[in-house]
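Remarks on the overall topology
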Amino acid sequence: MKLATYKDGSRDGQLVVVSRDLGTAHYATGIASRLQQVLDDWNFMAPQLQDLYDQLNAGRARHPFPFDPQQCMAPLPRAYQWADGSAYINHVELVRKARNAEVPASFYTDPLMYQGGSDDFIGPCDDVVVPSEAMGIDFEAEIAVVTGDVKMGASPEQALDGIRLVMLANDVSLRNLIPAELAKGFGFFQSKPATAFSPVAVTLDELGDAWQGGRVHLTLQSTWNGRKVGMCDAGPEMTFHFGQLIAHIAKTRNVRAGSIVGSGTVSNKDWAKGYNCIAEKRCIETIQDGQPSTDFMRYGDTIRIEMKNKAGQSLFGAIDQTIAAPQ
């Protein structure tokens, strides 16, 4: 099934069920008003939502209406946890190579992760508001999963069983703030503003055979200012699958229902497939030419992030945003 959250003036919005073709939707009123309620009581509520989803797809739902991504908040508008990984080691290799630095051996055996802000996500079509263009505005096209409860010490295989939903993410980065923050030895903070997520989050069965080994084997597309810049395969080069990322979090603590875990920038070794963040393009230019030539984003720039199934249909709807100055 496919789930979204509509804006209603509140912090958590209204849960809606969305048809497979993303054409129609139906409020989940009577089952649950918020997605977090469903995640807290998944075994009881998910089958009821599935029934409504089946009725919607069959044209038998009572009160369907046209689905409008512009009305969407993030599927989970605020979460107990947002932990983002760097599961595509090619991304790290490019950044290190551009600096003439080695990749530590541990990066290939132990996932890199950071804890991001989860109190204020933005909707898929909301503006990305940044205080200054000088901060080095960058998009990062990613895949993310939403979990149920996962016990401390869970194995990667056990952690996979805790995945409830999959969605896309734009993990906005302010690149010119990152060096000073990392120099403090305490990770990202101001350099990682609010993250955006796709209009809908989907259950694993919606992915069919594209979901294999904790990875989504489809192409993630990034379109910057109307030009397609990234067509990267999300599956084969994901060094750490989602079960491994979740197990990494659960090594010393429980992971609770409503946690969101990101893959990091989807990245391929084949440069012909493009890039899902500008930082990678700048690294490639530095490796080839000795210096970057592509600027970061400016006010008025647009970014569209989307993933289609093998039949060419949009799975999650598109993140479609404009970079904006504060009002």
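Residues numbered from 1 in each chain as written. Predicted model: local features only at pLDDT ≥ 70, side-chain atom pairs only at ≥ 80, totals over all residues. Heavy atoms only, no water.

Next up on the list: helix α3 (residues 89-98). All of the buried residues along α3 are Ile 89, Asn 90, His 91, Val 92 and Leu 94. Of the surrounding secondary structure, the elements contacted by the buried residues of α3 are α7 (278-289). Phi turns positive, to about 60°, at Asn 100, one or two residues after α3. (Buried < 20%, exposed > 50% of the residue type's maximum accessible area, 1.4 Å probe, protein only. Helix = DSSP H or I, 4+ residues; strand = E, 2+ residues; numbered from the N terminus. Contact = heavy atoms within 4.5 Å.)

Turning our attention to the pairing of strand β17 (residues 227-233). Both strand β16 (residues 219-224) and β17 contribute to a ladder of six bridges, which runs antiparallel. Bridge pairing in β17 places Gln 221 opposite Met 231. (Pairing = 2+ DSSP bridges.)

Looking now at the environment of Gly 274. You can see Gly 274 is positioned in the loop between β18 (259-262) and α7. With 44 residues separating them in the primary sequence, Gly 274 and Gly 230 have C-alpha atoms 4.3 Å apart.

Below, the discussion takes up the pattern of salt bridges. Scanning all chains against the criterion turns up 14 salt bridges. Between Arg 175 and Glu 140 there is a salt bridge, with the nearest N and O atoms lying 3.1 Å from each other. With a gap of 35 residues between them, Arg 175 in the loop between β11 (173-174) and α5 (178-183) and Glu 140 in the loop between β8 (137-138) and β9 (141-147) connect regions that are remote in the sequence. Given a relative accessible area of 15%, Arg 175 falls into the buried group. The network of salt bridges with common partners includes Asp 138, Glu 140, Asp 171, Arg 175 and Lys 192. (Salt bridge = Lys/Arg side-chain N within 4 Å of Asp/Glu carboxyl O.)

Once that is clear, we can look at unusual backbone geometry. We note that Leu 22 has phi near 65°; this positive angle belongs to a residue other than glycine. With respect to the helices and strands, Leu 22 occurs in the loop between β2 (14-18) and β3 (24-27). Positive phi values are uncommon outside glycine, yet Asn 100 reaches one of about 60°. You can see Asn 100 is positioned in the loop between α3 and β6 (113-116).

Moving on, we come to the pairing of strand β5 (residues 81-85). A regular strand places its side chains so that they alternate between the two faces of the sheet. The element β5 is largely enclosed, with a buried count of five among its five residues. Residues Gln 81, Ala 83 and Gly 85 line one face of β5 and the alternating positions Trp 82 and Asp 84 line the opposite face, and both faces are buried. With four bridges joining them, β5 and β18 adopt parallel strand pairing. Bridged to Ala 83 within β18 is Val 261. Where β5 and β6 come together, four bridges link them in antiparallel fashion. From the neighbouring strand, Asp 84 faces β6, where its bridge partner is Tyr 114.

What follows covers the state of the cysteines. Scanning all chains against the criterion turns up zero disulfides. No disulfide involves Cys 72; its nearest neighbouring cysteine sulfur is the one of Cys 125, lying 7.3 Å away. Counting only cysteine sulfurs, Cys 277 is the nearest neighbor of Cys 232, a cysteine outside any disulfide, at a range of 9.4 Å. (Disulfide = S-S within 2.5 Å.)

Each pocket or cavity is described by its volume, and for the largest pocket that value is around 1100 Å³. If you trace the largest pocket, you find 37 residues lining it, with Val 95, Arg 175, Ile 178, Leu 182 and Phe 188 closest to the centre. Breaking the lining of the largest pocket down by element, the ones donating at least two residues are β5, α3, β6, α5 and α7. At five residues, the largest contribution of residues to the lining of the largest pocket is made by α3. Per-class residue counts for the lining of the largest pocket are 17 nonpolar, nine polar and 11 charged. (1 Å grid on protein atoms, 1.4 Å probe; cavity = no way out; pocket = protein on both sides within 12 Å on 5 of 7 lines; lining within 4 Å. Points joined across faces, edges and corners; volume = space filled by probe spheres on them. Nonpolar A, V, L, I, M, F, W, Y, C, P; charged D, E, K, R; others polar.)

These figures come from the coordinates and say nothing about function on their own.
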